[in-house]
Amino acid sequence: MIKRCVGTLSLLLLLVGCRFNNQERGEHKERIVSLSKQYNEIIYALGAEKDLVAVDLSSTYPPQIKSLPTVGYHRALSAEGIVSVKPTLVLHDNNVGPEHVMRQLEQLKIPLKVFDTKGTDIQSTKALMTEMGRYFHKEAAADSLNHKLDQDMDKAAQRAGTYSSKPKVVVIHFGQAMNIYLTMTRASTAGTMITWAGGEIPIKSERGMVQLSPEIIASADPDVILLTDFGYDRLGSTDQVRTLPGVDSTRAAKSGRIFRVEEHDLVYIGPRTGENVLKLQDLIHAVKIAG
Amino acid sequence: MPSKSLGSPYAGILPVLAIAVFVVAAFSIRFGAVAISFSDMISALRTGSSAPGMLNLTERIFLEIRLPRALACLFVGASLAMGGVLMQALFRNPIVEPGLVGTSSGAAFGASLYFVLGSVLKFHAGQWTLPIAACLGGALATACVFLVSETTQANRESTTALLLTGIAVNALFLSGVGFFSYIARDPQARSITFWNLGTLSGANWRAVIILGIVTVLGLGIGLRYARHLNSLMMGEEEALYLGVDVKRLKLTITALNVMLVAVATSFTGIIAFVGLIVPHLLRLMRGSDNRFLLIGGALMGALLLTLSDLAARLLLRPAELPIGIVTAAVGAPVFMGLLRNRRYRF
Amino acid sequence: MLCARELSWTVGSKTLVERVTANFEPGRLSLIIGPNGAGKSSLIRLLSKQQKANAGTVLYDSVDLGAIHHRELAKIRAVLSQNIEIAFPLRVWEVVMMGRYPHFAGRPAAADERACQEVMRFFDVESMADRDYLTLSGGEKQRVHFARVLAQIWFPLPGKSRYLFLDEPLTFLDIYYQFEFMEKLQDLLKPRDLVVVGVVHDLNLAARFADQIVLLHAGKVLAQGSKDEVLTRENIKAAFRLEPKLLRGDDNSIHLIFG
């Protein structure tokens, strides 16, 4: 029990960095609090961030978003905390908690908004960006984002056709507290992106993430192992990654193809997804690195 | 010396605690993420009673969020501390927590069930579904503990049987929680984790009323049995010789504990250590008379939780720390100090 | 008077007490002796209603023990157990006051406080009244429990007897306090309305102080009566498997010497 608390606390503190007690800058007409990392990336990409006054803890892209004050983890919010930044609008994607906080905000007549479109794949994300473009009066920007996404995805599709092999890729995500390593499955957003990149995640499950076990890694025997930033940074280096149970025997470990990736590039579809798929392609199809 | 009545060496500290509670409660309603001044509060109360439609945002926050939360802190802290006093008296052991008879793990089980399978089971009572699920879970687990321990052959010291059964049932229900965490989708799993760390942010007036009734009832009934719990300190046999119906006492006290802890936990999630450290601190300060421990416990529990909640709300504002982390951060060192204290024998 | 008629207690296949019949009169010190496993503690449990017998009756002043409510019983009957472990710090006077619990509901009355004062003085623990019980020596703790147990039945009841059971009360006491306790018991017995039934191991103490001795062996009464009747070489040998030398003093006292 104690360990769980301390672990979660360290997790929170690590995630936080120095994002608490950030002061606000400048005057705002509208004061928007946005609690979705997907929305936030799109808002910045559209150039509509001037009215954003606070975000949730897990919104980490683009880097300048980290200078905004945060109202906490999106599943552990508090009504008073949100109200204290004096929002005129709270944006969220129905992935917020605890439940009573939304109710309290409604009771206090704070305007809440969820965009109609759910951006779960390329088409719907483009529609979401169009909807958000209209909302923020940045239609032109939205169009160009969609166009770029299409272009990048086309390029990726082309390149995918040229690859001779389909490498097996395992994506390890350092999950909750206490050394619980989670791996993303084929059904996750990362899995879809890897498929677009011409690879495949050999781990199948209905859920987006499953708990890692040495057998899963060893039997999957991936060609490439990707670690999200948090887990990689915690371990420190590729050699440290090799010390995870089951990893050492894999082809990926032997050929040194263990790479670090940013979590926020893989967990939702956004304007840079096409770009990220291209980057993934480079990563997973790269020529073997000696040693 | 013996002309002192049983209350008097303890009498001095209770008023001090009461005043401290009042002061800290005042801090608790005054400070938070949103700035609310005392004049705001007064206007809120005035407008709220005469023209509730005319309240501004700050006043509404005070009346609908800040004030019920402060009161909930008092009641929940008092309930958890009293649960601790009762269980430590029942088991004659100062490292016992109210969760030992399964109440906390049962409540966690009920809550996890709701988080993960709630939509499947089609049971809806609106915002009350989670508290009801947690309460039922807590009561179920404790009932299990009692039923199983009653069927064992233990003759003397059947409290040991209760303790051991409690450990087994706890393990069972916690593995259930683990299972739900495992099969949960990611957001649900996170809900479970954060519920297990506790939060006072869900306090509303309905909750406050229920918590208030439960706390007062718990204190009243507990005080009636305080003397019997004192006799129990010497052992079940001695209590019997002093005319105590030990079996009935165990049942009543455990039921009382379930009522106090399950109801509180169902509104706030699991908050650890309050039930453990408050009785210990009071014993160190004055002594072990259960009447004193119950009243002092209610006051000190209220004090401790309100302070913890203040810290949880202010340290990282506008974000909030789960309160279970604060109470654990304070409780763990106290717990370790308690273990090293050789005055107690376990 | 305390009457036991054909008391039996069996647990599983083991018979702990078998058809014990005995009378214990107020104003007399009755001591139960016997080897280990003879059923002495079990008998005390049956007589004090800590345990229900399988067969037989116990009468307190002609009233069946089973008919007396446990709360009423606590006002007239007190038991000193062998081993009392208290895990929490308590003041000595708090422990003694617990003996008065059967007599008051909310706060102790003046009579209760007076009882505590007198009994603590009687057992010479008044000077430690404010001390933490856990810091006392074994003997001091024992005396505190004497005080508590006697406090329970301190005041005489008109027309009724009071009952005191002592299960090996002398364990932690040095020889001075052993004798002192026995003498104090005799003091308490003077008003003739107190029934005292105790279990002791020391046969010489029994010989010295008991008005009535019950010798148990394998759950049955081997002999009962005065010291002359019970403490014979044959009886002792039968019960304890050791033959003693019996010395008679000028004052008709009996001294047993073993070895």
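Counting from 1, residues in each chain are numbered in the order their sequence is written. Each chain takes a letter, starting from A, and each ligand takes a number, starting from 1, following the order in which they are written. The predicted nature of this model means local features are confined to residues of pLDDT at least 70 and side-chain atom pairs, given and counted, to a pLDDT of 80 or more, with totals for whole chains, interfaces and linings taken over all residues.

A.B. asks: Where do I start with the overall build of chain B in this structure?
C.D. replies: Within chain B, the secondary structure is distributed over 15 helices and zero strands. Residues with at least 20 other C-beta atoms within 10 Å of their own are called buried, those with 12 or fewer are called exposed, and the rest are partly exposed. The C-beta atoms themselves are positioned from the backbone. Residues counted as buried form 56% of the 346 residues belonging to chain B. Within chain B, residue pairs in contact and separated by at least 24 positions form 78% of the contacts whose partners lie at least 6 positions apart. Put simply, DSSP marks the helices as runs of H or I at least four residues long and the strands as runs of E at least two long, and each gets a number from the N terminus on. Contacts here follow a simple rule: the backbone-placed C-beta atoms of the two residues must lie within 7 Å.

A.B. asks: What is the right way to read the overall build of chain C from this model?
C.D. replies: Regarding its fold elements, chain C presents nine helices and twelve strands. Seen through its C-alpha atoms, chain C measures out along the principal axes to roughly 55 × 40 × 35 Å. Put simply, chain C has 259 residues, and 41% of those count as buried. Taking all contacts inside chain C whose residues are at least 6 apart in sequence as the whole, residues at least 24 apart take part in 67%.

A.B. asks: Just checking my understanding: could you explain the interface of chain A and chain B for this structure?
C.D. replies: The figure often quoted for interface size is the accessible area lost as the parts come together. Residue-level contacts link 34 residues of chain A with 32 residues of chain B. The leading source of residues in the side of chain A that touches chain B is helix α3 (residues 79-84) of chain A, at six residues. Note on residue categories: nonpolar means Ala, Val, Leu, Ile, Met, Phe, Trp, Tyr, Cys or Pro, charged means Asp, Glu, Lys or Arg, and polar means any other residue, Gly included. Here the side of chain A that touches chain B is composed, by residue class, of 17 nonpolar, 13 polar and four charged.

A.B. asks: Hey, could you run me through the arrangement of the chains in this one?
C.D. replies: Most contacts, when the two pairs of chains in contact are compared, are made between chains A and B. Left apart from each other, chain A and chain C have a closest C-alpha approach of 26 Å.

A.B. asks: Could you clarify how one ought to interpret the confidence of the model for chain B in this entry?
C.D. replies: Low-confidence regions, as indicated by low pLDDT, have predicted coordinates that should not be scrutinised in detail. Known as pLDDT, the predictor's per-residue confidence is scaled from 0 to 100. A residue-level look at chain B finds 89% of positions with pLDDT of 70 or above and a mean pLDDT of 84. Confidence over residues 1-7 of chain B falls short of pLDDT 50; this stretch has 16 contacts with residues more than four positions distant or in other chains.

A.B. asks: How should I be thinking about the packing of helix α3 (residues 38-50) of chain B against helix α4 (residues 57-91) of chain B in this particular structure?
C.D. replies: Relative orientation and spacing of two packed helices are given, respectively, by the angle between their axes and the distance between those axes. All names here are of chain B. Note on geometry: axes are C-alpha line fits, over the in-contact stretch for helices, and angles between N-to-C directions span 0 to 180 degrees. Here α3 crosses α4 at 85 degrees, and the two axes come no closer than 9 Å. Between α3 and α4, the angle falls in the class roughly perpendicular. In this structure, α3 contributes D40, M41, S43, A44, T47 and G48 to the contact, and α4 contributes T58, E59, F62 and L63. Grouping the constituent residues of the contact of α3 with α4 by class yields four nonpolar, four polar and two charged. Here the angle decides the label: under 35 degrees means roughly parallel, over 145 means roughly antiparallel, 65 to 115 means roughly perpendicular, and every other value means oblique.

A.B. asks: Would you mind showing me how to read the interface of chain C and chain B here?
C.D. replies: Of the residues lining the interface, 31 residues belong to chain C; the matching set on chain B comes to 29 residues. Of all the secondary-structure elements, those providing two or more residues to the side of chain C that touches chain B are α2 (70-76), β6 (77-80), α3 (92-98) and α4 (110-122) of chain C. Taken together, the residues of the side of chain C that touches chain B sort by class into 20 nonpolar, four polar and seven charged.

A.B. asks: I'm lost on helix α5 (residues 138-152) of chain C in this one. Help?
C.D. replies: Every α-helix winds through 3.6 residues per turn, so residues three or four apart in the chain are directed the same way. All names here are of chain C. A helix is expected to span 1.5 Å multiplied by its residue count minus one. The end-to-end C-alpha distance of α5 is 21 Å, a good match for the 21 Å that 15 residues give at a rise of 1.5 Å each. Most of α5 sits inside the fold, with eleven of its 15 residues counted as buried. Every buried residue belonging to α5 is among Q142, R143, V144, H145, F146, A147, R148, V149, L150, A151 and Q152, and all of these are buried.

A.B. asks: Is there a simple way to think about the nonpolar core in this case?
C.D. replies: A general trend in soluble globular proteins is that nonpolar side chains are found buried together. Of all hydrophobic cores here, the largest spans 224 residues; its most connected members are A72(B), L211(B), V96(C), V119(C) and A147(C). When residues in this core are grouped by element, the largest group, 21 residues, is from α4(B). Every residue in contact with A147(C), bar those within four places of it in the chain, is listed here: V96(C), V119(C), M120(C), F123(C) and V125(C). In plain words, the nonpolar core is the set of buried Ala, Val, Leu, Ile, Met, Phe, Trp, Tyr and Cys residues that C-beta atoms within 7 Å link up. Ranked by size, the runner-up nonpolar core spans 33 residues in total, among them V224(A), L226(A), Y232(A) and L266(A).

A.B. asks: What is the right way to read helix α12 (residues 273-285) of chain A from this model?
C.D. replies: Residue and element names in this part refer to chain A. Along its 13 residues, α12 runs 18 Å from first to last C-alpha, staying within 8% of the 18 Å computed at 1.5 Å per residue. For α12, the full list of buried residues reads T273, G274, N276, V277, L280, Q281, I284 and H285. The buried residues of α12 all sit within an arc of 155 degrees when viewed along its axis, so they share a single face. The reported arc concerns the directions from the helix axis to the C-beta atoms and nothing else.

A.B. asks: Could you clarify how one ought to interpret the environment of D193(C) in this entry?
C.D. replies: All names here are of chain C. Along the chain, D193 falls in the loop between α6 (175-189) and β8 (194-199). Distance in space between the C-alpha atoms of D193 and R162 is 6.3 Å, their sequence separation being 31 residues. Look past the residues within four positions of D193 in its chain and what remains in contact with it is P26, P156, S161 and R162.

A.B. asks: Just checking my understanding: could you explain the sheet that holds β6(C) for this structure?
C.D. replies: Adjacent strands of a sheet pair through backbone hydrogen bonds, lying either parallel or antiparallel. All names here are of chain C. Here the rule is simple: two strands pair whenever DSSP picks up at least two bridges between them. With mixed pairing, the six strands of this open sheet are ordered in space as β6-β7-β8-β3-β9-β10. The outermost strands of the open sheet, each flanked by one partner alone, are β6 and β10 (220-225). Within this sheet the neighbouring strands show an average axis-to-axis angle of 15 degrees, counted without direction. Where strand β7 (residues 162-167) meets β8, six bridges bridge the pair, whose relative direction is parallel. Opposite Y163, over in β8, you have V195 as the bridge partner. Against the sheet, helix α1 (residues 40-47) contacts β3 (29-33), β7, β8 and β9 (212-217), and its axis sits at roughly 150 degrees relative to β8.

A.B. asks: When you look at the pairing of strand β2 (residues 52-55) of chain A in this model, what are you seeing that I'm missing?
C.D. replies: Regular strands place side chains that alternate from one sheet face to the opposite one. Residues and elements named next belong to chain A. As defined by bridge partners, strand β1 (residues 32-34) adjoins β2 across three bridges and the pair is classed as parallel. Bridged to I32 within β2 is L52. Where the polypeptide runs from β1 across helix α2 (residues 37-46) and back to β2, its parallel neighbour, the crossover connection is right-handed. Note on handedness: a clockwise path from strand one over the helix to strand two, with the strands aimed away from the viewer, defines a right-handed crossover.

A.B. asks: What am I meant to see in the sheet that holds strand β4 (residues 112-113) of chain A here?
C.D. replies: Residue and element names in this part refer to chain A. With parallel pairing, four strands are arranged side by side in an open sheet as β2-β1-β3-β4. If you trace the sheet from one side to the other, it starts and ends with β2 and β4, each paired once. Contacts from α2 reach β1, β2 and β3 (89-91) within the one sheet, and its direction differs from that of β1 by about 130 degrees.

A.B. asks: Help me out: how do you make sense of the pairing of strand β12 (residues 254-257) of chain C in this one?
C.D. replies: Residues and elements named next belong to chain C. For strand β11 (residues 245-248) and β12, the ladder comprises four bridges, and the chain directions are antiparallel. Residue L246 lies in a different strand from β12, and its bridge partner there is L256. Counting the residues that bridge the hairpin from β11 to β12 gives five residues, and of these N252 lies at a positive phi of roughly 70 degrees.

A.B. asks: I keep staring at the environment of A139(B) and nothing clicks. Help me out?
C.D. replies: All names here are of chain B. Structurally, the position occupied by A139 is in helix α6 (residues 129-150). Along the primary structure A139 and A70 are separated by 69 residues, whereas in three dimensions their C-alpha atoms are 27 Å apart. Ignoring any residue separated from it by four or fewer positions in sequence, one finds A139 in contact with V258 and A262.

A.B. asks: What exactly am I supposed to notice about the packing of α4(B) against helix α12 (residues 246-268) of chain B here?
C.D. replies: All names here are of chain B. Taken N-terminus to C-terminus, the directions of α4 and α12 make an angle of 150 degrees; their axes are 9 Å apart at the nearest point. The orientation of α4 relative to α12 falls into the category roughly antiparallel. α4 and α12 meet at a crossing whose hand is left-handed. Counted together, V76, S79, L80, M82, G83, L86, M87 and L90 of α4 and K250, I253, L256, N257, L260, V261, A264 and T268 of α12 form the full contact between these two elements. Here the residues of the contact of α4 with α12 are counted per class, giving eleven nonpolar, four polar and one charged. Crossings are classed by handedness, with left-handed meaning an anticlockwise turn of the near helix from the far one by less than a right angle and right-handed meaning a clockwise turn.

A.B. asks: In this structure, what is going on with unusual backbone geometry? I would like to understand it.
C.D. replies: Leaving glycine aside, a negative phi is the common case for residues, and trans is the common case for peptide bonds. Between Y61(A) and the following residue, P62(A), the backbone shows a cis peptide bond with an omega angle of 0 degrees. With respect to the helices and strands, P62(A) occurs in the loop between β2 and α3. Even without being a glycine, F273(B) presents a positive backbone phi close to 80 degrees. Taking the number of C-beta atoms within 10 Å as the measure of exposure, F273(B) has 25 and is therefore buried. One non-glycine residue with positive phi stands out, namely R19(C), at about 45 degrees. With respect to the secondary-structure elements, R19(C) resides in strand β2 (residues 14-24).

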